[in-house]
Structures are given as C-alpha cells and as structure tokens.
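So you can see what is in the structure, the chains are spelled out below.
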Amino acid sequence: MNDRLRLGVNIDHVATVRNARGAGYPDPVRAALVAAEAGADGITAHLREDRRHITDDDIARLSAELTIPLNFEMAATDEMRDIALKYRPHAACIVPEKREERTTEGGLDAAGQFAQLAPLVADLTAAGIRVSLFIEPSAAQIDAAVRLGSPVVELHTGRYCELAGADQTAELRRIADAAALAAKNGIEVHAGHGLTYDNVAPIAAIPQVRELNIGHFLIGEAIFLGLGESVRRMRDAMDAAR
Ligand SMILES: CC(=O)[C@@H](O)[C@H](O)COP(=O)(O)O
Ligand SMILES: NCC(=O)COP(=O)(O)O
C-alpha cells in the first residue's frame, strides 16, 4: 500500500468566487480536474446547508466527472444524508455547521451527539461510503469515533494554525497524541483546516496522519501561481516533511 501522505484539495472557495457574481465561472469541477492533474489524491467539497459556495449541481457534476475520490463534507442532517446516499461519494466527512459562522469554528462533538450520529454513520457505511468525523484532537472525541464505528477521523488543525510559540507547540502535541491514540484504535487519521505552506510541515510529519485536506490557502495561492502550481508546491511541502 502506498504510504505517501495524501492531499485532498478542498474546492469550496472556487465556488465562493463563482457565486460572487452568480456566473458559471470559475467552475469548481474544472478546478477539481486541474488539481487532480497536479497531483491531488482526492477532492473535498462541502455542501453547506446555506449553499454559500458548493451547490447541489456541483456535487452532481463532481460525482459524474471526477477522476479521483470525492470526499463529501456534510452536516449531520437528514437532508445531507439523503444527498450523500443519492451520489454515494467515496467518502463523507461529517462536520459541524452553523449558518452564522464564516468558516468551520471547531470539531464535531461526536461524544455529545452520539445518539444522533450513530444511525447516520450506520446508514452511510451501509451504502459503502467511507465515513470520517471532523473532530477536535481529544481522547473523548476519539473514543466516541471508535464507539460510533467511524473508520476515519479528521483532526481539526484550526487552533494549531491560529496559535504561535509555545501555545502552538502545545496544540501540535495535542494533535500528535490524538493521532497516535486514533491509530492505536484502528482508525485512519486525517487532518485539516487552515493549513498553509508555512505551517503544514509539523502536521505532515506526524507519522499516523495519512491525509491532509487543504483548500482556502491553495485557492488563494492559485490567484498568483495558478492552481496547478499551488497544488504542486503543497505536495512538495508535504513530501519534504516526511
Ligand atoms: C471542515 C473544514 O475545516 C472545511 O473543510 C470546511 O469546508 C470549512 O468550511 P468553508 O469551506 O465553508 O470555509
Ligand atoms: N477539512 C478541511 C478542509 O477540507 C480544508 O480546510 P481549509 O484548508 O479550507 O481551511
């Protein structure tokens, strides 16, 4: 099995630019194909309840045209469950969502929402969709993921990205410990949110981390470098850290 650290490119904010004018461009599906050509191992797309960026039509076209796996990010709602079951993406990552948030502000409370999540995880798994839970790097959340039978967790790196100095080092330790605990319990470990060329290396160097999902920064860099080069540089930074 290829142990190379995988890169999932989140294309949400290509859709943000498109929706700014209500035009048909830039097309997130075209961005996904360019990212794949540049070395992305997967594409992540977050269909939010308010459709502020990715739309249902984007998910339909990604499902039909993608040449690499689709990681469908979704809130834990019946609406999103039904859409996931309709398109049966390679993976579904369950994320917390609040309409008033500018972006994801924290991890899913898998422990506190256990009763709500259990049937959803079962339904997605029964449909052959690989479930991931976007959680804080904590033992309680890892324990809940184990009890829910989720094969994957994605550790929220947002706080690590916002902190500096000793506080950032402490958060990195917390992420590394959570990754080790999850892997020890047979769960595949991913990580993401807020990662850039400058902060990705310590996260990429965590041996139990198998995949990084990165979007906003790459789409920003694409304005200056082009999306292909933006992805290639992140790919290189991840490989250099291993
Ligand atoms: C869960 C996460 O950190 C991202 O994958 C999520 O998509 C962020 O939401 P926006 O893309 O709407 O900023
Ligand atoms: N789950 C994290 C993700 O898909 C991308 O997050 P960001 O890089 O856009 O912050």
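About the criteria used
- Residue positions are counted from 1 within each chain, in the order its sequence is given.
- Whichever chain is written first becomes A and whichever ligand is written first becomes 1, with later ones labelled in order.
- Since the coordinates come from a predicted model, pLDDT governs what is reported: local features require at least 70, and pairs of side-chain atoms require 80 or more to be given and counted, while whole-chain, interface and lining totals use all residues.
- The basis for the side-chain values is all heavy atoms of the structure; hydrogens and waters are excluded.
- Strands here are runs of E lasting at least two residues and helices are runs of H or I lasting at least four, both read from the DSSP assignment and numbered beginning at the N terminus.
- Radius of gyration here is computed from C-alpha atoms only, and the compact-globule reference equals 2.2 Å multiplied by the residue count raised to the power 0.38.
- Only protein chains enter the accessibility calculation, which uses a 1.4 Å probe; a residue whose area is less than 20% of its type maximum is buried, one above 50% is exposed, and one in between is partly exposed.
- Only centres within 6.5 Å qualify two rings of Phe, Tyr or Trp (six-membered ring in Trp) as a pair; their planes then separate them into stacked at under 30 degrees, edge-to-face at over 60, and tilted for everything else.
- Only heavy atoms are used to decide nearness, and a residue is near a molecule or strand if one of them lies within 4 Å of it.
- Definition of a polar contact: a pair of N or O atoms within 3.5 Å, with one able to donate and the other able to accept a hydrogen when the atoms are protein atoms, and with sequence-neighbouring residues admitted only if both atoms are side-chain atoms.
- Per-residue and other accessible areas follow the Shrake-Rupley method at a 1.4 Å probe size, with only the shown protein chains counted as cover for residues.
- Both cavities and pockets are sets of points on a 1 Å grid over the protein atoms alone; in a cavity a 1.4 Å probe fits but cannot get out, in a pocket the set is open with protein on both sides within 12 Å along at least five of seven lines, and lining residues sit with an atom within 4 Å of a point.
- More than half of a molecule's atoms within 2 Å of the grid points is what it takes for that molecule to sit in a cavity or pocket.
- Under this grouping Gly is polar, as are all residues other than the nonpolar Ala, Val, Leu, Ile, Met, Phe, Trp, Tyr, Cys and Pro and the charged Asp, Glu, Lys and Arg.
- UniProt positions are given in the numbering used here, feature names are shortened, and annotations may be inferred rather than shown by experiment.
- Note on contacts: a residue pair is in contact if any heavy atoms of the two residues lie within 4.5 Å.
- To obtain each axis, a line is fitted to C-alpha atoms, and for helices this fit is confined to the stretch in contact; angles are then taken between N-to-C directions over 0 to 180 degrees.
- Crossings are assigned a handedness: left-handed for a near helix turned anticlockwise from the far helix by less than a right angle, right-handed for a clockwise turn.
- Following DSSP output, two strands are said to pair if at least two bridges run between them.
- A right-handed crossover is one whose linking path, passing over the helix from the first strand to the second, runs clockwise when the strands point away from the viewer.

Glancing now at the overall build of the protein. Of the regular secondary structure elements, the protein holds eleven helices and eight strands. Expected size for 242 residues packed as a compact globule is a radius of gyration near 18 Å; at 17 Å, the protein falls within 12% of this value. Along the first, second and third principal axes, the C-alpha atoms of the protein reach 45 × 40 × 40 Å. Among the 242 residues that make up the protein, the fraction classed as buried is 49%.

Time to look at the packing of aromatic side chains. Here a ring pair, both rings aromatic, is described through the centre-centre distance and the interplanar angle of the planes. Taken as a whole and assessed by the stated rule, the structure comprises one aromatic pair. A ring pair is formed by Y197 and F217, whose centres lie 4.7 Å apart and whose planes are at 85 degrees; its orientation type is edge-to-face. Taken as a pair, Y197 in the loop between β7 (188-192) and α9 (200-204) and F217 in helix α10 (residues 216-225) lie far apart in primary sequence, 20 residues in all. Residue F217 is classed as partly exposed on the basis of its relative accessible area, which comes to 22%.

Turning our attention to the site of ligand 2. Looking at ligand 2, the residues that line it are N10, T44, E73, F134, E154, G192, H193, G194, N213, I214, G215 and H216. Between ligand 2 and G194, the relevant distance is 2.8 Å, taken from an oxygen atom to a main-chain nitrogen or oxygen of the residue. For ligand 2, an oxygen atom lies 2.7 Å from a polar atom in the backbone of G215. Relative to its unbound accessible area of 310 Å², ligand 2 is 92% covered by the protein chains. Comparing atom positions with the cavity grids shows ligand 2 to sit within the largest pocket. Across the shell around ligand 2, the residue classes tally to two nonpolar, eight polar and two charged.

Right, let's get into the UniProt feature "binding site: 3-amino-2-oxopropyl phosphate" (unreviewed entry) in the protein. Mapped onto the present numbering, the UniProt feature "binding site: 3-amino-2-oxopropyl phosphate" (unreviewed entry) falls at N10, R21, G194, G215 and H216. Spatial dispersion of the annotated residues is evident: they stretch over 207 residues in sequence, and the largest pairwise C-alpha distance comes to 25.4 Å. Lining of the largest pocket among the annotated residues: N10, G194, G215 and H216. With sequence-adjacent residues up to four places away left out, N10 is seen in contact with T44, E73, I214, G215 and I219.

A separate point is the site of ligand 1. Near ligand 1, the surroundings consist of N10, D12, H13, H46, R48, H53, E73, V95, T103, T104, F134 and H193. Interatomic distance of 3.0 Å between a side-chain N/O atom of H46 and an oxygen atom of ligand 1. Within the contact set of ligand 1, an oxygen atom lies 2.5 Å away from a side-chain nitrogen or oxygen of H193. Protein chains shield 92% of the accessible area of ligand 1, which is 350 Å² for the free molecule.

This part takes up the packing of helix α2 (residues 28-38) against helix α3 (residues 56-65). Following both chains from N to C, one finds α2 and α3 inclined at 35 degrees, their axes separated by 9 Å at the closest point. Here α2 runs over α3; the crossing is right-handed. Every residue of α3 that contacts α2 at P28, V29, A32 and L33 is listed here: D58, R61, L62 and E65. Residues belonging to the contact of α2 with α3 are distributed by class as follows: five nonpolar, no polar and three charged.

To continue, consider the pairing of strand β3 (residues 70-74). For β3, a buried count of five out of five residues is recorded, marking the element as mostly surrounded by other parts of the structure. In β3, alternate side chains face the same way, and those of L70, F72 and M74 on one face and N71 and E73 on the other are all buried. In this sheet, β3 lies alongside strand β2 (residues 42-46) in parallel orientation, the contact comprising four bridges. Its bridge partner being in β3, A45 is matched across the sheet by F72. Regarding topology, α3 serves as the crossover connection from β2 to the parallel β3, and that connection is right-handed. In this sheet, strand β4 (residues 91-94) lies alongside β3 in parallel orientation, the contact comprising four bridges. The residue of β4 that forms the bridge with N71 is A91.

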